[in-house]
Amino acid sequence: MITVWNRKELLCTFDMKKQAEVRDILWKFDISYEVRVSDRADFFVGGRMTSDNTENVIDHQTEYLIYVKKEDYDRAMFLVQRNLQE
């Protein structure tokens, strides 16, 4: 079981495809993980958006945090770096 006390952040990304690839790698190598999804849309409210960057904001408003157990972190990082599609 992954808890706040025994986990370490493996990845923080706004890219849905990348987080899915990382999750697939972890699943393939039987590494337990936890995903936290945060909608950052409220961060962009308040006049900070312009018509020039609206498309970028829409693409990057959901944040994905992937955690693994501390004892699995080194192995997970190695496998992700080795197997992640660039």
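Preceding this section is the structure that the text describes.
Residues numbered from 1 in each chain as written. Predicted model: local features only at pLDDT ≥ 70, side-chain atom pairs only at ≥ 80, totals over all residues. Heavy atoms only, no water.

**Student:** Explain the packing of aromatic side chains residue by residue, including any values.
**Tutor:** Taken as a whole, this structure holds 0 aromatic pairs when the rule is applied. Above the plane of the ring of Y67 lies R7, whose end atom (NZ or CZ) is 3.9 Å from the centre. Of note, K8 hangs over the ring of Y73, and the distance from its end group to the ring centre comes to 4.2 Å. (Phe/Tyr/Trp six-rings, centres within 6.5 Å; stacked < 30°, edge-to-face > 60°. Lys NZ or Arg CZ within 6 Å of the ring centre and 35° of its normal.)

**Student:** I'd like a description of unusual backbone geometry, backed by residues and values.
**Tutor:** Trans is the prevailing form of peptide bonds, just as negative phi is the prevailing case for residues other than glycine. The residue D30 is not glycine, and still its phi comes out positive at about 55°. The class for D30 is exposed, based on a relative accessible area of 70%. (Buried < 20%, exposed > 50% of the residue type's maximum accessible area, 1.4 Å probe, protein only.)

**Student:** Outline the sheet that holds strand 1 (residues 7-13), supporting the account with residue identities and numerical values.
**Tutor:** Taken in spatial order, the 3 strands make up an open sheet running 1-3-2, and their pairing is antiparallel. Both edges of this open sheet fall to strand 1 and strand 2 (33-39), since each of them pairs with a single strand only. Neighbour to neighbour, the strand axes of the sheet diverge by 25° on average, direction disregarded. Inspection of the sheet shows strand 2 paired to strand 3 (residues 62-69) by 7 bridges, in the antiparallel sense. Residue D39 lies in a different strand from strand 3, and its bridge partner there is T62. Contacts from helix 3 (residues 73-83) reach strand 1 and strand 3 within the one sheet, and its direction differs from that of strand 1 by about 25°. (Pairing = 2+ DSSP bridges. Helix = DSSP H or I, 4+ residues; strand = E, 2+ residues; numbered from the N terminus. Axes fitted to C-alpha atoms, helices over the stretch in contact; angles between N-to-C directions. Contact = heavy atoms within 4.5 Å.)

**Student:** Explain the pattern of salt bridges to me, and be specific about the residues and the numbers.
**Tutor:** Working definition: two side chains of opposite charge can pair if their charged atoms are close together. The tally for this structure, following the rule as stated, stands at 2 salt bridges. Here E21 and K17 are joined by a salt bridge, their closest N and O atoms 4.0 Å apart. Here K17 and E21 lie together in helix 1 (residues 16-28), a separation of 4 residues that amounts to about one turn. With relative accessibility at 60%, the residue K17 sits in the exposed group. (Salt bridge = Lys/Arg side-chain N within 4 Å of Asp/Glu carboxyl O.)

**Student:** Tell me about the environment of K8, residues and numbers included.
**Tutor:** Note on placement: K8 falls in strand 1. Non-local contacts of K8, meaning those with residues more than four positions away in its chain, are made with I66, Y67, V68, K70 and Y73.

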